[in-house]
Number of protein chains: 2
Amino acid sequence: MRDVALIGVGVNKWGELWEQSLRDIFVEAALKAMDDAGVDRIESLYVGCMAPGLFTGQEHLASLLADYLGQTPIPAARVESACASGGLAMRMGWMEVALGLHDIVMVSGVEKMTDVDGAGATYALATAADQEYECFNGATFPGLYAMIANAYQTKYRIPFDKFRDQLAHVAVKNHDNGLLNPHAQYHMKLTLDAVKNATMVADPLRLFDCSPITDGAAAVILAPLELARKKFRKHPPVAVIGMGAATDTIALHDRDDLTSFRSTEAAAGQAYKMAGVKPNDVDFAEVHDCFTIAEISVTEALGFFAAGKGGDAAMAGVTALDGKKPINTSGGLKSKGHPVGATGIAQIIELALQLRGEAGERQLKNPHLGLAQNMGGSGGSAIVHILKSL
Amino acid sequence: MRDVALIGVGVNKWGELWEQSLRDIFVEAALKAMDDAGVDRIESLYVGCMAPGLFTGQEHLASLLADYLGQTPIPAARVESACASGGLAMRMGWMEVALGLHDIVMVSGVEKMTDVDGAGATYALATAADQEYECFNGATFPGLYAMIANAYQTKYRIPFDKFRDQLAHVAVKNHDNGLLNPHAQYHMKLTLDAVKNATMVADPLRLFDCSPITDGAAAVILAPLELARKKFRKHPPVAVIGMGAATDTIALHDRDDLTSFRSTEAAAGQAYKMAGVKPNDVDFAEVHDCFTIAEISVTEALGFFAAGKGGDAAMAGVTALDGKKPINTSGGLKSKGHPVGATGIAQIIELALQLRGEAGERQLKNPHLGLAQNMGGSGGSAIVHILKSL
């Protein structure tokens, strides 16, 4: 099994990109990644994308994008695991390089979400839940995560006002970080009061507890570590040292406990084992804050904080940019945006930038070990990667 | 890189399965494969499926199916390459076992196509073409393949009546084979006259030149060859010795030549090289006969026949069950049915059954080397596998 390194990253400016199509934004991010790596061809392509058929009427996506990137006849594969599609693409690309099938592999993610009407986007996203048992009964994703939030507050007997404050701290912190990320969708400072008084979406989750609808793409280039050290010296080398993937029931009603994400626990356990590290060794992490409650619960599932204590950590500033365990330095899904398939790759890019010391105004001091946690639906799947500077 | 073997196969009876949902047919095929292999758990799952969001409103499919198969928290990945999604799943599962990430890996494909209205299925399938340049201008898949057929007839100056006869021979032969396959959708003997006088779909392709809309699932279990030899002795061992994957432009108007499938040529070249064999060494093949013209052109791209001579081979009986190079002994997509994501896996299953000597009434005499060619859209992607009896 060969060691795998990341040699290039590329991302476009995320947002509501009415004048760019899905293929446009993919090619923009992909060319940036190739330029960053210093390669003019790739040998294989993975594309994480959740629902291009529902959002834009286009399947057969990886071939189309290989074509528009001028790279046919290379192999190209689209992979899907709802909102964890980007992380899944990373896993597949890692496998291909580790196995030695190819050397220069592009792993990308993309989602063009604004070309459907409002009901369409909500419907498309809901297909990540159990269509027959959840959606047909009226559940939407804000509703499902609201149930998780309520179960969490009840289980850990947190007074409502305090819990509401914990959730708000996550949103404010991630928007503060997003202000320092030029590719983020929202450069908008939030106050605790603004979050707590925003329009209700699904009790207790309000507008600023939810990640937005976004058009965006992200791409990274992987190569064998040995080759990266020899040939690709433009940036400090970053190695992929840990990886894990796991599933859980799709439907919430099938779970013993709504408050912890079992798939994330299992995936993180695999990644820690492969990397030979412990949660305490991780300097910083990008986690799947599709809703504020998700970030709180996920930081517990990753072993960063004890069960029920994730919210306290957020309130105490432990997860802030200058805290002991910075979480979502990129701005997270909350402020950076959440173009579903691209999210998992953008997390990897944030790890790489921080580990290279190229994260600009949001740069951490000498981080060595970063973790990315990408999650599908309400936790039906999770992918965890651990990256290290060398 | 570990050698990979196939230790179990499972498929349901394909057809218009109004009383079974997508998850029902998947679980039926998956449990058969586990029973055939003699395992009660799997370590990882791949699902090839083209468009579950458009057909049934369900994405996040691999997690859902891992859940309904009772196998969470194993990793589960859905992969998509239009009609080559099954072949792509096989490639991914092979990679995972070859790399040593897991030992017992299920590779499956499924598509539930009849739960949408007629326009819906045609629309969903057309998303495998270039939506912005082909479909928006009215192209459908029968139309695209009709253009390929016309270009083929023109290029090789075949008199129309003879060409029409060649196409009809493919349909009649595949339906003859399908009569001997208990899992095929259509057990229906065709005559040349019936094919030639059937309802016109897109000139020159008539109803019986086209593969049908089908609900179906198929699953195989992969394991390291060494482990298979030691522990899984229920069936003669079958090894996966060659694999290739490639892309081509999605849109036909971007190709230099419509009459040959460049992605299939490239994928086959890789597979032959990896297996260390030549086209002449292949005893039989399952190829992607989504339309009769596709089988003719593909048998040329695979190197079985010279360019422009695939139709003559079909007419001369070379590709018949008792011919020198039997093609689509299963009945092919034409008669077995074409549940898009499952097709590539069903091809692999036919190879395994023939190589094990378990193909019943359609059993070939001591075949040793079989090839499966799975193709996406109008050839925008192709995956080729070569399997060998040991």
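Bear in mind that the values here come from a model prediction, so they are computed numbers and not experimental data. (Residues numbered from 1 in each chain as written. Chains lettered and ligands numbered in written order. Predicted model: local features only at pLDDT ≥ 70, side-chain atom pairs only at ≥ 80, totals over all residues. Heavy atoms only, no water.)

A. Local environment of the relation of the copies chain A and chain B. Superposition of chain A onto chain B requires a rotation of 180° combined with a translation of 0.0 Å along the rotation axis, giving an RMSD of 0.0 Å. On the angle and the small slide along the axis, the relation comes out as a two-fold axis. Taking C-alpha positions as reference, the residue of chain A nearest the rotation axis is Val79 of chain A, located at 2.2 Å. (Least-squares fit on C-alpha atoms with pLDDT ≥ 70 in both.)

B. Representation of the interface of chain A and chain B in the model. Opposite the 63 residues of chain A that make contact, chain B presents 63 residues. Carbon and sulfur atoms supply 55% of the area buried between chain A and chain B, which totals about 4,700 Å² over both sides. For chain A, the biggest contributors to the area lost against chain B are His60, Leu99 and Thr247 of chain A; these three give 15% of the whole. Here chain A is connected to chain B by 8 salt bridges. Between Arg23 of chain B and Glu132 of chain A there is a salt bridge, with its nearest N and O atoms 3.7 Å apart. Counting the contacts that link chain A with chain B gives 32 residue pairs in polar contact (both at pLDDT 80 or more). Elements represented by at least two residues in the side of chain A that touches chain B include exactly helix H2 (52-56), helix H3 (61-68), strand S3 (76-80), helix H4 (85-99), strand S8 (238-247) and helix H10 (262-275) of chain A. No other element matches H4 of chain A, which puts 8 residues into the side of chain A that touches chain B. Across the side of chain A that touches chain B, the residue classes tally to 33 nonpolar, 18 polar and 12 charged. Here S3 of chain A pairs with strand S3 (residues 76-80) of chain B via 3 bridges, running antiparallel. By the bridge assignment, Glu80 of chain A is partnered in S3 of chain B with Arg78 of chain B. (Contact = heavy atoms within 4.5 Å. Buried area = accessible area lost by both parts, 1.4 Å probe. Salt bridge = Lys/Arg side-chain N within 4 Å of Asp/Glu carboxyl O. Polar contact = N/O pair within 3.5 Å; in protein donor to acceptor, adjacent residues only side chain to side chain. Helix = DSSP H or I, 4+ residues; strand = E, 2+ residues; numbered from the N terminus. Nonpolar A, V, L, I, M, F, W, Y, C, P; charged D, E, K, R; others polar. Pairing = 2+ DSSP bridges.)

C. Structural detail: the packing of aromatic side chains. All names here are of chain A. Counted under the stated rule, the structure contains 10 aromatic pairs over all chains. Among the aromatic residues, those joined into a ring-pair cluster are Phe141, Tyr145, Phe261 and Phe291. Here the guanidinium or amino end of Arg23 rests over the ring plane of Tyr68, the centre of that ring lying 4.5 Å away. (Phe/Tyr/Trp six-rings, centres within 6.5 Å; stacked < 30°, edge-to-face > 60°. Lys NZ or Arg CZ within 6 Å of the ring centre and 35° of its normal.)

D. Spatial organisation of the side chain of Asn177 of chain B. Residue and element names in this part refer to chain B. For Asn177, the position within the fold is in helix H7 (residues 160-178). Under the relative-accessibility criterion, Asn177 is labelled buried at 3%. Setting aside residues no more than four positions away along its own chain, Asn177 makes contact with Leu321, Ile327, Asn328, Thr329, Ser330, Gly331 and Arg362. (Buried < 20%, exposed > 50% of the residue type's maximum accessible area, 1.4 Å probe, protein only.)

E. How the structure looks around the layout of surface pockets. Size it by volume and the largest pocket reaches roughly 650 Å³. Lining the largest pocket are 29 residues, and of these Leu125, Cys210, Ser211, Pro212 and Ile213 of chain B lie nearest its centre. Elements with a contribution of two residues or more to the lining of the largest pocket: helix H5 (118-126) and helix H6 (141-155) of chain B. Tallying contributions element by element places H5 of chain B first for the lining of the largest pocket, with 5 residues. Residue classes in the lining of the largest pocket are distributed as 20 nonpolar, 7 polar and 2 charged. The computed volume of the second largest pocket comes to approximately 570 Å³. Along its surface, the second largest pocket is lined by 26 residues, and Cys210, Ser211, Pro212, Ile213 and Phe291 of chain A are the ones closest to its centre. Within the residue set of the lining of the second largest pocket, elements represented by two or more residues are helix H5 (118-126) and helix H6 (141-155) of chain A. (1 Å grid on protein atoms, 1.4 Å probe; cavity = no way out; pocket = protein on both sides within 12 Å on 5 of 7 lines; lining within 4 Å. Points joined across faces, edges and corners; volume = space filled by probe spheres on them.)

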